[in-house]
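# Results of the structural survey
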Amino acid sequence: MKVRPFITFSLYLLVFVVLGLIHVSQGQASTGFFNFWQEVWHDQQQMNFLLYSRLPRLAIGCLAGAALAVAGMLLQTMTKNPLASASTLGIHAGAYFFVVAATIFFPALSGQFSIAVTMTGGICAALIVTFLVGKSFDPVRIALTGLIVTMLFSSFTSALKLLFENEVSGLFLWGSGTLLQLDWGGTQFAAPWIITTLFIAFLVAKRFDVLLLGEEVAVGLGQNVAASKVLGWVLAILLASVTVTVVGPIGFVGIIAPHLVRLMGFRMHRTMIIANIVVGAGLLLTADILVRMISATSELPVGAMTAIIGAPWLVYLALKMSKQARATGGVLEGRVRIHKRTLFYSVASIVVVLIAVVSLSFGGTSFTALKDLPKELMYNTFVWDFRVPRVVVSFGIGMLMAASGLLLQTVLRNPLADASVLGVTSGASVMAMLFLLVFQQASAIFVPLGALLGALLTMGLVLAISARSGFQPMILLLMGVAISAVGAALIQILLVRFNVHASQALTWLAGSTYGTSWHHLWIVGITLAVVLPIIIYFATTFDVLSFGDELSTGLGVNTARMRLAMILLGVILAAISVSVVGAISFIGLLAPHIARQLIGPKMLRLLPLTLLVGGSLLLLADLVGRVALAPKEIPAGIIVSLIGAPYLLYLLKKTNEVTAK
């Protein structure tokens, strides 16, 4: 060990001891740091708090922080990706989904084999991400793919929470990550697993040192590269799974700690493991201290605080990597003959009409025969006042989402771009949750207005930070990942604090067309009437911009200005959509791709079919959500996720294969 890293580590070790002393002095019954340490030796009640509540919390915080930090270090080594961790690879989301599913359907299995359940979920998520990314493990690509996989698992988890609200009511705090301990049980369970796994990682650390030299060199030195990678993955997933089992999913510690250790000067894995144990534990204790300082009278999730701390670090890494990384391409090229285009337009229009007619026939538990539908529309005010606006608004919102996705994918030259990926949906959700949960006495009109304001503020923040890079696609996308993490953390805090009213909030977060009326149609219609002519007018310029900055500049296009204009249009469309129906994802991702594969990349040809596909997707999701479990409704956002997940997984794999070539 060199002198400078040793001195730095010694100083951090001293800081860690101070953090530990501060941590155990905190609590609802604490009288302050100095008073606590003066009274604890003479007050039996304070001593009991120390022995059976605060010390277990300190111990589990140290174990969890160490496990997450070492897991992140191993994953970064295995993938050669500085953004890899259990949270960015979707391992936490997969483990959380499996725990929720097991709690609902197999409660005995969840209680007796909790490690097996969480580890199975983590392994499934990791396998999906590695399969979709391929062999290159490009940092930007793996961050985006991990985000999409996390969104998929999160959608399925939200569906289970809404359908089985009573069964999972006790998982809100745990699902956000918490160090709350009532006894030594959690520590006794986790300690053997974590300590044994860390010890094994320390023993085999030299195998991972060889991997840093490159696979060819490792093979030349007699290393079984495949076995080393499998061992590293298993150790990392086991550490993450044990942590999720005890304290829930806590993100960003696995990204921050390994980078801090490398900044100290450590390069060999054995010394890195030791340093990561201390640094990871210190980071998690720091986050827990901050959480308890913010809310001394109630418990808040520490996972939300680590996300708030870690998001700026992710932005820093994104800016640091901007010179080396390339934005993902993948826009599909091709020519489609005119008669085929006409056929696609016709088929799409017929499908839309059929779905709309069937949707108009369903209302609650009743069904109107198709032959009686014209009479119902003329004389039944219920059909005209409730069913018709819901169908029309659903189709219009789907069009807005599809147009938003098309614009953002074109400007960022990335087939994974969408308002949800850029953090816009997350920002809108935070502001909407404030009015739903905190300001419950406010008028209902403030919920959509808050969502609109949140979306615009979020995009303003992303654009302000990305301005110096000329709004480069890679910076924008990684900024979106960071903003999404902060937004999700704030939402989790609100849900935990206002658990009694969480049902309504979860429905809004899942996205629902319930309650839409004719005045929403005015909003949608005016938006389309204003924005669509702008898109059509600049369609040729948009096509040029999709080929790259150098070519666009050579053809006389001001790339920075046009990219900003397109992003603003896309964000406005997404913000208005979210303000009306809530946080519905995936339509902006799916609709442009379905249309592009059918008709090619030209904007003027692509736009009409994209609008039809987007509208029909949301219309179909709304119909299925109403009739699947009637009279109970499933939010349309969940149905969209269930419909779009298989296609999106296929799309991710195909896009990454094209980009790798």
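### Remarks on the overall build of the protein
Looking only at helices and strands, the protein has 29 helices and two strands in total. For the protein, buried positions account for 57% of its 661 residues. In the protein, 79% of the contacts between residues at least 6 apart in sequence involve partners at least 24 apart.

### Brief notes about the environment of Leu147
Of note, Leu147 is situated in helix 7 (residues 139-163). Not counting chain neighbours up to four residues away, the residues in contact with Leu147 comprise Thr88, Val421 and Val481.

### Structural notes on the packing of helix 9 (residues 185-203) against helix 12 (residues 225-247)
As a packed pair, helix 9 and helix 12 sit with axes 10 Å apart at the nearest point and diverge in direction by 165°. Considering their axes alone, helix 9 and helix 12 lie roughly antiparallel with respect to each other. Crossing of helix 9 over helix 12 shows left-handed handedness. Touching Gly186, Phe189, Ala190, Trp193, Ile194, Thr197, Leu198, Ile200 and Ala201 of helix 9 are Leu235, Leu238, Leu239, Val242, Thr245 and Val246, all from helix 12.

### Some thoughts on helix 23 (residues 518-537)
Note on helix geometry: an α-helix contains 3.6 residues per turn, so any two residues three or four positions apart are oriented the same way. If you check helix 23, its first and last C-alpha atoms are 29 Å apart, about what 20 residues at 1.5 Å a residue would give, namely 28 Å. Along helix 23, the residues classified as buried are His520, Val524, Thr527, Leu528, Val531, Leu532 and Ile535.

### Considerations on the pattern of salt bridges
Scanning all chains against the criterion turns up two salt bridges. Ionic pairing is found between Asp622 and Arg390, a salt bridge with its closest N-O pair at 2.9 Å. Here Arg390 lies in helix 18 (residues 381-412) and Asp622 lies in helix 28 (residues 603-627), a separation of 232 residues in the sequence. Both residues of the pair, Asp622 and Arg390, count as buried.

### Quick look at the packing of aromatic side chains
As enumerated under the stated definition, the model contains six aromatic pairs in all. An angle of 80° between the planes, with centres 5.8 Å apart, marks the rings of Phe97 and Phe98 as edge-to-face. Residue class for Phe98 comes out partly exposed when judged on its relative accessible area of 23%. Ring centres 6.0 Å apart and planes at 55° place the aromatic pair Phe97 and Phe156 in the tilted group. Placement of Phe97 in helix 4 (residues 91-105) and of Phe156 in helix 7 is noted, with a sequence separation of 59 residues between them.

### What about helix 26 (residues 559-581)?
Between its first and last C-alpha atoms helix 26 spans 33 Å; for 23 residues at 1.5 Å apiece the expected length is 33 Å, and the two agree. A large share of helix 26 lies buried, amounting to 17 of its 23 residues. Remark: Gly582 follows helix 26 within two positions and exhibits a positive phi of approximately 90°.

### Considering the environment of Gln223
When you line up the elements, Gln223 lands in the loop between helix 11 (215-220) and helix 12. The exposure class assigned to Gln223 is buried, which follows from its relative accessible area of 13%. Sequence spacing of Gln223 and Phe208 is 15 residues, and the spatial spacing of their C-alpha atoms is 9.9 Å. Among all residues touching Gln223, those that are not within four sequence positions of it are Arg207, Val210, Ala218 and Ser228. At a separation of 3.2 Å, a polar atom in the side chain of Gln223 contacts the side chain of Ser228.

### Focus on unusual backbone geometry
Its identity as a non-glycine residue notwithstanding, Phe252 has a phi of 75°, on the positive side. With respect to the secondary-structure elements, Phe252 resides in the loop between helix 12 and helix 13 (253-264).

### Description of the side chain of Ser85
As for its position among the elements, Ser85 is in the loop between helix 3 (44-79) and helix 4. Look at Ser85 and you get buried, because its relative accessible area is 1%. At a separation of 3.0 Å, a polar atom in the side chain of Ser85 contacts the side chain of Ser87. Not counting the four nearest positions on each side in its chain, Ser85 is found in contact with Gly72, Leu75, Gly254 and Ile255.

### Quick notes on the packing of helix 4 against helix 12
Across the interface, helix 4 lies against helix 12 with an axial gap of 10 Å and an inter-helix angle of 50°. Looking at the two axes, helix 4 sits oblique to helix 12. As for the relative orientation of helix 4 and helix 12, their crossing is right-handed in sense. Residues Ile91, His92 and Ala95 of helix 4 form the contact with helix 12, whose participating residues are Ile237, Ala240 and Val244. By residue class, the composition of the contact of helix 4 with helix 12 is five nonpolar, one polar and no charged.

### Description of the side chain of Ser426
Along the chain, Ser426 falls in helix 19 (residues 424-438). Judged by relative accessible area, Ser426 falls into the buried class, the value being 11%. Non-local contacts of Ser426, meaning those with residues more than four positions away in its chain, are made with Ile483, Ser484, Gly487, Ala488 and Ile491.

### Things to note about the confidence of the model for the protein
Scored by pLDDT, the protein has a mean of 78; 79% of the residues are at 70 or more. The secondary-structure element of the protein with the lowest mean pLDDT is strand 2 (residues 366-367), recorded at 55, while helix 9 shows the highest, at 92. A low-confidence stretch, residues 325-339 stays under pLDDT 50, and its non-local contacts, those more than four residues away or across chains, total 32 contacts.

### Focus: a nonpolar patch on the surface
Nonpolar side chains collect at one region of the surface, where Val3, Phe6, Ile7 and Leu11 lie side by side and expose about 410 Å² of accessible area between them. Note on placement: Phe6 falls in helix 1 (residues 3-25). Using a relative accessible area of 46% as the deciding quantity, one classes Phe6 as partly exposed.

Rules and cut-offs
Residues numbered from 1 in each chain as written. Predicted model: local features only at pLDDT ≥ 70, side-chain atom pairs only at ≥ 80, totals over all residues. Heavy atoms only, no water. Helix = DSSP H or I, 4+ residues; strand = E, 2+ residues; numbered from the N terminus. Buried < 20%, exposed > 50% of the residue type's maximum accessible area, 1.4 Å probe, protein only. Contact = heavy atoms within 4.5 Å. Axes fitted to C-alpha atoms, helices over the stretch in contact; angles between N-to-C directions. Parallel < 35°, antiparallel > 145°, perpendicular 65-115°, else oblique. Left-handed = near helix turned anticlockwise from the far one by under 90°. Expected span 1.5 Å × (residues − 1). Salt bridge = Lys/Arg side-chain N within 4 Å of Asp/Glu carboxyl O. Phe/Tyr/Trp six-rings, centres within 6.5 Å; stacked < 30°, edge-to-face > 60°. Polar contact = N/O pair within 3.5 Å; in protein donor to acceptor, adjacent residues only side chain to side chain. Nonpolar A, V, L, I, M, F, W, Y, C, P; charged D, E, K, R; others polar. pLDDT = per-residue confidence, 0-100. Patch = residues over 30% accessible without salt bridge, like charges linked within 9 Å, V, L, I, M, F, W, Y side chains within 5 Å. Areas by Shrake-Rupley, 256 points an atom, 1.4 Å probe, with all protein chains shown as cover.

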